[in-house]
Amino acid sequence: MLIRRATLTDIPKILQLIKELVPVMNAAGNFQWDNTYPNIKVFEKDIALNQLWVADENNDITGVIAITTDQDAEYADVGWDITEQAIVVHRLAVSVHQQGKGIAVQLMQQAEQVAISRGIKKVRVDTNVVNEATNRLFPKWGYVYAGEINLAHRPGMRFSCYEKVLS
């Protein structure tokens, strides 16, 4: 398994992964993503900013992660200082055909490596409160729960916030 920066040629496979994943998320009551988000423009922007990474197994995209420094203003609602630099994970997804194989762990480890390489000590992530898998896994990986927020761009949903301080 290779974790590498995404390229524009990866977008069709990334979109297919998302297309297969969204119905599974929705069936579990998680409506964080739908048929309009995340979309091609979001991934093109991530690639243009060099912040999109993929898990590549024999030219098959098995996972994706945006590793950014973009902090939503609402993060302050859990007591985070959003003027403090942090790596922020967005759009973490693993193929429905590849779940349970540690791909998400490897993608999150990549986020931590990016933070270390930039001298950034904190990694932050938010996830829908109804996403049982991520709400169970983030603490297992050393991320500390900070509280819940609303996000203006996803009205009607609540999000759990997690942070890991790197040594």
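Residues numbered from 1 in each chain as written. Predicted model: local features only at pLDDT ≥ 70, side-chain atom pairs only at ≥ 80, totals over all residues. Heavy atoms only, no water.

Let us now look at the packing of aromatic side chains. Under the counting rule described, the total for this entry stands at five aromatic pairs. Summarising the aromatic geometry, the rings of F138 and Y162 are spaced 5.5 Å apart at their centres and angled 50° between planes, so their arrangement reads as tilted. A residue pair is termed long-range when its members are at least 10 positions apart, and F138 in helix α4 (residues 132-140) and Y162 in strand β7 (residues 158-165) qualify at 24 residues. Accessibility expressed as a relative area gives 2% for F138, which makes it buried. An aromatic cluster is defined as three or more aromatic residues linked by ring pairs; in this entry it consists of F138, W141, Y143, Y145 and Y162. (Phe/Tyr/Trp six-rings, centres within 6.5 Å; stacked < 30°, edge-to-face > 60°. Helix = DSSP H or I, 4+ residues; strand = E, 2+ residues; numbered from the N terminus. Buried < 20%, exposed > 50% of the residue type's maximum accessible area, 1.4 Å probe, protein only.)

Per the stated rule, a full pass over the model turns up nine salt bridges. Across the pair D46 and R91 runs a salt bridge, and its minimum N-O distance is 2.8 Å. Within this pair, whereas D46 is found in helix α2 (residues 40-48), its partner R91 is found in strand β4 (residues 87-94), the two being separated by 45 residues in sequence. Salt bridges sharing partners connect three or more residues here, namely E84, K122, R124 and E163. (Salt bridge = Lys/Arg side-chain N within 4 Å of Asp/Glu carboxyl O.)

So, on to the pairing of strand β5 (residues 122-128). Walk down a regular strand and you will see the side chains alternate between the two sheet faces. Most of β5 is tucked away, with six of its seven residues classed as buried. Where β4 lies against β5, three bridges are found, and the strand directions are parallel. Bridge pairing in β5 links V89 to V125. Between β4 and its parallel partner β5, the chain crosses via helix α3 (residues 103-117), and the hand of that crossover is right-handed. The sheet contact formed by β5 and β7 spans seven bridges and is antiparallel. The residue bridging D126 from the neighbouring strand is C161, located in β7. (Pairing = 2+ DSSP bridges. Right-handed = clockwise from strand over helix to strand, strands pointing away.)

This paragraph deals with the side chain of D72. With respect to the helices, strands and loops of the structure, D72 is situated in the loop between β3 (60-68) and β4. Buried charge D72 goes without a salt bridge, the closest partner of opposite sign being R91 at 8.3 Å. The residues contacting D72, other than those within four sequence positions of it, are I82, H90, D126, L151 and H153. (Lys, Arg positive; Asp, Glu negative; His and termini not counted. Contact = heavy atoms within 4.5 Å.)

Let us look at the nonpolar core. Soluble, globular proteins show a tendency: their nonpolar side chains are buried together. Residues I65, I87 and Y143 are the most contacted members of the largest nonpolar core, which totals 23 residues. Broken down by secondary-structure element, the contributors of at least two residues to this core are β2 (52-57), β3, β4, α3 and β5. The element best represented in this core is α3, accounting for seven residues. Excluding anything up to four places from it in sequence, Y143 contacts M108, E112, V123, V125, F138, Y162, E163 and K164. (Core = buried A, V, L, I, M, F, W, Y, C linked by side-chain atoms within 4.5 Å.)

What follows is about the sheet that holds β5. Pairing is mixed across the open sheet formed by seven strands, whose spatial order is β1-β2-β3-β4-β5-β7-β6. Strands with a single pairing partner mark the edges of an open sheet, and in this sheet they are β1 (2-5) and β6 (144-150). Looking at each pair of strands side by side, their axes are set apart by 30° on average, direction ignored. The sheet contacts of helix α1 (residues 11-27) involve β2, β3 and β4, and relative to β3 the element is tilted by about 95°. (Axes fitted to C-alpha atoms, helices over the stretch in contact; angles between N-to-C directions.)

Right, let's get into unusual backbone geometry. The peptide bond linking Y37 to P38 adopts the cis configuration, its omega dihedral lying at -5°. Tracing the backbone through its elements, the reader meets P38 in the loop between α1 and α2. A positive phi angle, close to 55°, is found at N50, a residue other than glycine. Within the element layout of this structure, N50 appears in the loop between α2 and β2. Residue classification places N50 among the partly exposed positions, given a relative accessible area of 45%.

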